[in-house]
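Overview (structure and organization)
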Amino acid sequence: MSHPDAAVVTPADGQPVVLRGGTVLTMDDAHTVVPDGDVLVVDGRIAAVGSALEVPPGTAEVDARGGIVMPGMIDTHRHMWQTAMRGYGADWTLTQYFVWYYLEHGKAFRPEDVHAGNLLSAWDALEAGVTTTVDWSHGLQTVDHAEAAADALLAVPGRFVLAYGNIQAGPWEWATDPAVQGFLQRRRDEGRLGLQLAFDVTGDPAFPEKAAFEAARELGLPVTTHAGVWGATNDAGIQLMHEHGFMTPETVYVHAATLDTDSYHRIAATGGSISVSTESEQSAGQGYPPTWQVRRHGIPVSLSMDTSVWWSSDLFSAMRTTLGADRSREHLEAHARGETVTQVHLRAEHVVDWATRGGARALGRDDLGSLEPGKRADVVLVKNDDSPVSFPLLNPYGHLAFQAQRGDVHTVLVDGRVVKSAHRLVGADLPAVRSAVDATVEHLRSTMGEETWAQGMNPALPGDEVLDNPYTYTEYKSASTHDARGSVFGDDAAGR
Ligand SMILES: [Zn+2]
């Protein structure tokens, strides 16, 4: 199909596509990098990776010169329904999040609100080169909500896993509900969505969650669980899961930040993986982002963004913050021993692996996560000729982790289909998504009332304690006092 913008490539169904002349990060077992490389896609699969490939007649061509070609990224934990409230909770703690969603306002979400949030989040993911996303969907109060969540995901040409959850009831209640089980069986038979069960284990010695694990086992579905979350889940939950035989290789432990060594041993020994949400752990309070200790146990890691009610939704941010948090901790631990770190353990290449192969491994999808012949063609081209940040391209892993950002995602293929081309989504009706999300926001605001809505977005500040300073000689007001804004720029800065 021709397009007025020559850079836009939208092949017809069945038409092969080749990305030409990029730096190809295959993320195969050897992490082979092909400079000036081509990736050929035929019938939804990677047909070949190499240099100056011969391609079938009529193959559509994407100019990848100056860019990085990589596997589609995989997010293993995102509460997509909450994207309808993008940024609202930027200043929350985990406690405020729990109060808002679990106790006070989560029930206000109707099926159409879950649909709107999922639709926005799904396009958001694709636009950022995240070709597979696990929708950790814990707002499914009714099966109607679940139908809405699934329908929204299926309306967008990405890969999605619906991780079924419901924070308004105990997992032993909803996971054994015949209506829920019927929904899961039907959606599984349709085959277009991946499925998991999503619930947390409180550590109650009576282990009421056992019934939910048994339901998952009967349905043949993996479990994903928030583990090691300060104040919510802890080592007792891991012990109960382990003693009852519910820790399996397909189990995904989200955060796993506040756990002792024994719990990491149990996770490592049973083959499960950890989904690290560094942006989340850094500001919500689950515990210190755990990769610095997880990697010492050899536990597989994948990356996730958790929720856009606070944070971004692109894995460039996840890679960057995860590298930073790991290295911060490594330096800090060394300094406490009076030592200096002269070589860091975690490399940019490792976090690119976690964002691609790590996610595929966590989801048991050997056919995703790398650019190798025969694998499903989920491919991302990171290239931005208009940006001074795009060159020189010397260290492609480092470039992805520390230089690139979501606006640099030029082309995205899912299952061989071009869903973003020349920096624009293909086939997304964003005005329609916007009006659905606007309706959800309007519904929530009017249900809560303006005062409660405003309070929810602006949690009270704790009292600031300013320490006595023996060297005090100025009346400078700190950044925590709103009326001081601009003072650092001098009195005449306002008009600039
Ligand atoms: Zn979460």
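The structure contained in this document is the topic of the report that follows. (Residues numbered from 1 in each chain as written. Predicted model: local features only at pLDDT ≥ 70, side-chain atom pairs only at ≥ 80, totals over all residues. Heavy atoms only, no water.)

Bringing the overall build of the protein chain into the picture now. When helices and strands are counted, the protein chain shows 15 helices and 17 strands. Relative to the 2.2 N^0.38 estimate, which gives 23 Å for 496 residues, the radius of gyration of the protein chain is 23 Å and therefore close to what a compact globule would have. For the protein chain, the C-alpha atoms occupy an extent of roughly 70 × 65 × 50 Å along the three principal directions. Residues classed as buried in the protein chain amount to 55% of the 496 residues present. Long-range pairs, those at least 24 residues apart, make up 74% of the contacts in the protein chain between residues at least 6 apart in sequence. Counting 37 positive and 65 negative side-chain charges, the protein chain places the averaged centre of each group 4 Å from the other. (Helix = DSSP H or I, 4+ residues; strand = E, 2+ residues; numbered from the N terminus. Rg over C-alpha atoms; globule rule 2.2 N^0.38 Å. Buried < 20%, exposed > 50% of the residue type's maximum accessible area, 1.4 Å probe, protein only. Contact = heavy atoms within 4.5 Å. Lys, Arg positive; Asp, Glu negative; His and termini not counted. Charge placed at Lys NZ, Arg CZ, Asp CG, Glu CD.)

The subject of this paragraph is the nonpolar core. Formed by 105 residues in total, the largest nonpolar core has its most connected members in Tyr101, Tyr164 and Met319. The element best represented in this core is helix 2 (residues 111-127), accounting for eight residues. Among all residues touching tyrosine 164, those that are not within four sequence positions of it are Ser137, Leu140, Thr142, Val143, Ala146, Trp174, Val180, Phe183, Leu184, Gln196, Leu197 and Ala198. (Core = buried A, V, L, I, M, F, W, Y, C linked by side-chain atoms within 4.5 Å.)

Coordination of the zinc ion by the protein involves His77 (NE2), His79 (NE2), His226 (NE2) and Asp306 (OD), with metal-donor separations of 2.1 to 2.6 Å. Note that the zinc ion binds four donor atoms; their angles at the metal cover 80 to 172°, and the shape is irregular. As a motif over one chain, the donors of the zinc ion read H-x1-H-x146-H-x79-D. Of this pair, histidine 79 sits in the loop between strand 6 (73-78) and helix 1 (94-105) while aspartate 306 sits in the loop between strand 13 (301-303) and helix 11 (315-336), placing them 227 residues apart in sequence. With respect to burial, histidine 79 and aspartate 306 carry one shared label: buried. (Donors = N, O, S within 2.8 Å, 3.2 Å for Na, K, Ca; no water. Tetrahedral: all angles 85-135°; square planar, octahedral: opposite > 155°, others 65-115°.)

It is worth spelling out the pattern of salt bridges at this point. Per the stated rule, a full pass over the model turns up 29 salt bridges. Between glutamate 330 and arginine 295 there is a salt bridge whose closest N-O contact spans 3.8 Å. Here the residue glutamate 330 occupies a position in helix 11, and arginine 295 occupies one in the loop between helix 10 (291-294) and strand 13, the gap between them amounting to 35 residues. What makes glutamate 330 buried here is its relative accessible area of 14%. Linked by salt bridges that have partners in common, Arg86, Asp124, Glu127, Arg406 and Lys420 make up one network. (Salt bridge = Lys/Arg side-chain N within 4 Å of Asp/Glu carboxyl O.)

Here we come to the packing of aromatic side chains. For any pair of aromatic rings, the description rests on two quantities: the centre-to-centre distance and the angle between the ring planes. Applying the stated criterion to the full structure yields 25 aromatic pairs. Aromatic pair tyrosine 164 and tryptophan 174: ring centres 5.4 Å apart, planes at 35°, arrangement tilted. With a gap of 10 residues between them, tyrosine 164 in strand 8 (residues 159-164) and tryptophan 174 in helix 4 (residues 171-174) connect regions that are remote in the sequence. Considered together, tyrosine 164 and tryptophan 174 belong to a single accessibility category, that of buried residues. Grouping aromatic residues by their ring pairs yields a cluster made of Trp81, Tyr88, Trp92, Tyr97, Phe98, Trp100, Tyr101, Tyr102, Phe109, Trp310, Trp311 and Trp453. Across the ring face of tyrosine 288, the terminal group of arginine 329 is positioned such that the distance to the ring centre comes to 4.9 Å. (Phe/Tyr/Trp six-rings, centres within 6.5 Å; stacked < 30°, edge-to-face > 60°. Lys NZ or Arg CZ within 6 Å of the ring centre and 35° of its normal.)

Here serine 313 shows up in the loop between strand 13 and helix 11. Of note is the side chain of serine 313, whose polar atom sits 2.6 Å from the side chain of aspartate 124. Of note is the side chain of serine 313, whose polar atom sits 3.3 Å from the side chain of arginine 406. Apart from the residues within four sequence positions on either side, serine 313 is in contact with Arg78, Arg86, Asp124, Ala128, Val130, Met305, Ser308 and Arg406. (Polar contact = N/O pair within 3.5 Å; in protein donor to acceptor, adjacent residues only side chain to side chain.)

Right, let's talk about unusual backbone geometry for a bit. For the bond from phenylalanine 391 to proline 392, the omega torsion is -5°, close enough to zero to count as cis. Residue position: proline 392 is located in the loop between strand 14 (379-382) and helix 13 (396-403). A positive phi angle is found at aspartate 43, which is not glycine, with a value near 50°. Aspartate 43 gets classed as exposed once you look at its relative accessible area, which sits at 62%. Although it is not a glycine, alanine 422 sits at a positive phi angle of roughly 50°. On the basis of relative accessible area, alanine 422 is assigned to the buried category, the value being 14%.

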